[in-house]
Amino acid sequence: MQKITIVTPSYNQGPFLEETILSVLSQKGNFYIDYIIADGGSKDQSVEIIKKYDQILKKNQFPIKCMGIEFRWWSKKDNGTVDALNKGFKEAKGDILAYIASDDFYEPNVFDIVLKRFQEDSSIVLVHGDCYFYYSKDKKDLKYSTETSFVDLLKIKNVIFSPSTFFIKKILDKVGFIDESFEYAADLDLWLKISKIGKTSYVPHVLSNFRVWENSKSTLLSDKFLMRERKRLLKRYGGQKN
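We now turn to the structure provided with this report.

In an α-helix, one turn spans 3.6 residues; hence positions three or four apart end up facing the same way. Within helix H3 (residues 81-90), seven of the ten residues are buried, which leaves the element mostly enclosed by the surrounding structure. Val82, Asp83, Ala84, Leu85, Asn86, Gly88 and Phe89 are the residues of H3 that are buried.

Pasting the structure below:
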């Protein structure tokens, strides 16, 4: 029976964190969930929320819909999102890995969809799907992905949505962990490293909700992402600068 490790980097996202946690713990299917929350020392209600679900699970009071859940967490200062992710992945026990930010959340039953795709073809190392850009309960835009190659990603012809992406642990061990020198394009760098040496697969399903709000990193710092770090990626992988 396969195990899926999900890592959530967390810092002062208390208003959204509970929805994120529930979207992981409520997944249904024949698999085990290994859930790690790497909190960077939040000063809001985040730790209280994490402790709440830790206790609920320990008391067997949560309606588990999978084969079992291991819930682990810590709250201590880190060097940001990428550092938190790497610390989480180094503790991962799953065969399949993914991460979801503490202001994003999964759609129901997506772990089962992803697991079945991996089982259909043992050569696949990464599975990705579609994503809602979530503005509010009454406003969300569906963003499609497609089959995406290393060349497509390098040319930015298509995108892989990070919260809708799952990959096998063996490929992460092979390419190395996430490059902490990138602050805003670390995910794209990881997808490039993986797709350069392994087979990826697109599933035509909405897997996650990417929350767009005024204080999200992608909203505040999109220019920095597009200009500075994209140029570094193009230089690293031999892409064109225009």
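Continuing now.
Another point: helix H2 (residues 46-58). Taking 1.5 Å of rise per residue, 13 residues should cover 18 Å, and H2 covers 19 Å from first to last C-alpha, within 8% of that figure. Ser46, Val47, Ile49, Ile50, Tyr53, Asp54, Ile56 and Leu57 are the residues of H2 that are buried. Contacts made by the buried residues of H2 are with strand S1 (3-10), helix H1 (14-25), strand S2 (32-39) and strand S3 (68-75). Positive phi shows up at Asn60, right after H2, with a value of about 55°.

Before going further, it helps to examine unusual backbone geometry. In the Ramachandran plot, Asn12 falls in the positive-phi region, its phi being about 50° despite a non-glycine side chain. Relative to the assigned elements, Asn12 resides in the loop between S1 and H1.

The biggest cluster of nonpolar side chains holds 67 residues, and the ones touching the most others in it are Ile6, Phe111, Phe166 and Phe167. If we ignore the near neighbours within four places in the chain, the residues touching Phe167 are Phe89, Asp95, Ile96, Leu97, Ala98, Phe118, Val125, Leu126, Leu172, Leu190, Trp191 and Ile194.

Right, let's get into the side chain of Asp152. Position of Asp152 among the secondary structure elements: in helix H5 (residues 150-154). Residues within four places of Asp152 in sequence aside, it is in contact with Glu147, Lys157 and Asn158.

Bringing the packing of H1 against H2 into the picture now. Between two packed helices, what matters for the description is the angle formed by their axes and the separation of those axes. It is at 8 Å that the axes of H1 and H2 come closest, and there the two elements cross at 25°. Here H1 is positioned roughly parallel relative to H2, judged by the angle of their axes. The element H1 and its partner H2 pack so that their crossing is right-handed. Taking contact as the criterion, the partners of Gly14, Leu17, Glu18, Ile21, Leu22 and Leu25 in H1 are, on H2, Ser46, Ile49, Ile50, Lys52, Tyr53 and Leu57. Tallied by class, the residues present in the contact of H1 with H2 amount to eight nonpolar, two polar and two charged.

Further remarks concern the packing of aromatic side chains. If you walk through the whole model with that rule in mind, you get 13 aromatic pairs. Ring geometry for Phe89 against Phe167: centres 5.8 Å apart, planes inclined by 65°, an arrangement best described as edge-to-face. Here Phe89 is found in helix H3, whereas its partner Phe167 is found in strand S8 (residues 165-168), with 78 residues between them in sequence. Like Phe167, Phe89 is buried. Taken together, a centroid distance of 5.9 Å and an interplanar angle of 75° make the contact between Phe150 and Tyr237 edge-to-face. Taken together, the residues span a long stretch of sequence, with Phe150 in helix H5 and Tyr237 in helix H9 (residues 222-237) at a distance of 87 residues. Pair check on accessibility: Phe150 and Tyr237 agree, each one buried. By the ring-pair criterion, three or more aromatic residues cluster together here, those being Phe31, Tyr106, Phe111 and Phe166. Taking the ring centre of Trp74 as reference, the NZ or CZ of Lys76 above it sits at 5.6 Å. If you follow Lys143 out to its NZ or CZ, it ends over the ring of Phe133, 5.2 Å from the centre.

Conventions we followed
Residues numbered from 1 in each chain as written. Predicted model: local features only at pLDDT ≥ 70, side-chain atom pairs only at ≥ 80, totals over all residues. Heavy atoms only, no water. Buried < 20%, exposed > 50% of the residue type's maximum accessible area, 1.4 Å probe, protein only. Helix = DSSP H or I, 4+ residues; strand = E, 2+ residues; numbered from the N terminus. Expected span 1.5 Å × (residues − 1). Contact = heavy atoms within 4.5 Å. Core = buried A, V, L, I, M, F, W, Y, C linked by side-chain atoms within 4.5 Å. Axes fitted to C-alpha atoms, helices over the stretch in contact; angles between N-to-C directions. Parallel < 35°, antiparallel > 145°, perpendicular 65-115°, else oblique. Left-handed = near helix turned anticlockwise from the far one by under 90°. Nonpolar A, V, L, I, M, F, W, Y, C, P; charged D, E, K, R; others polar. Phe/Tyr/Trp six-rings, centres within 6.5 Å; stacked < 30°, edge-to-face > 60°. Lys NZ or Arg CZ within 6 Å of the ring centre and 35° of its normal.

Any functional reading would require information beyond the geometric quantities listed.
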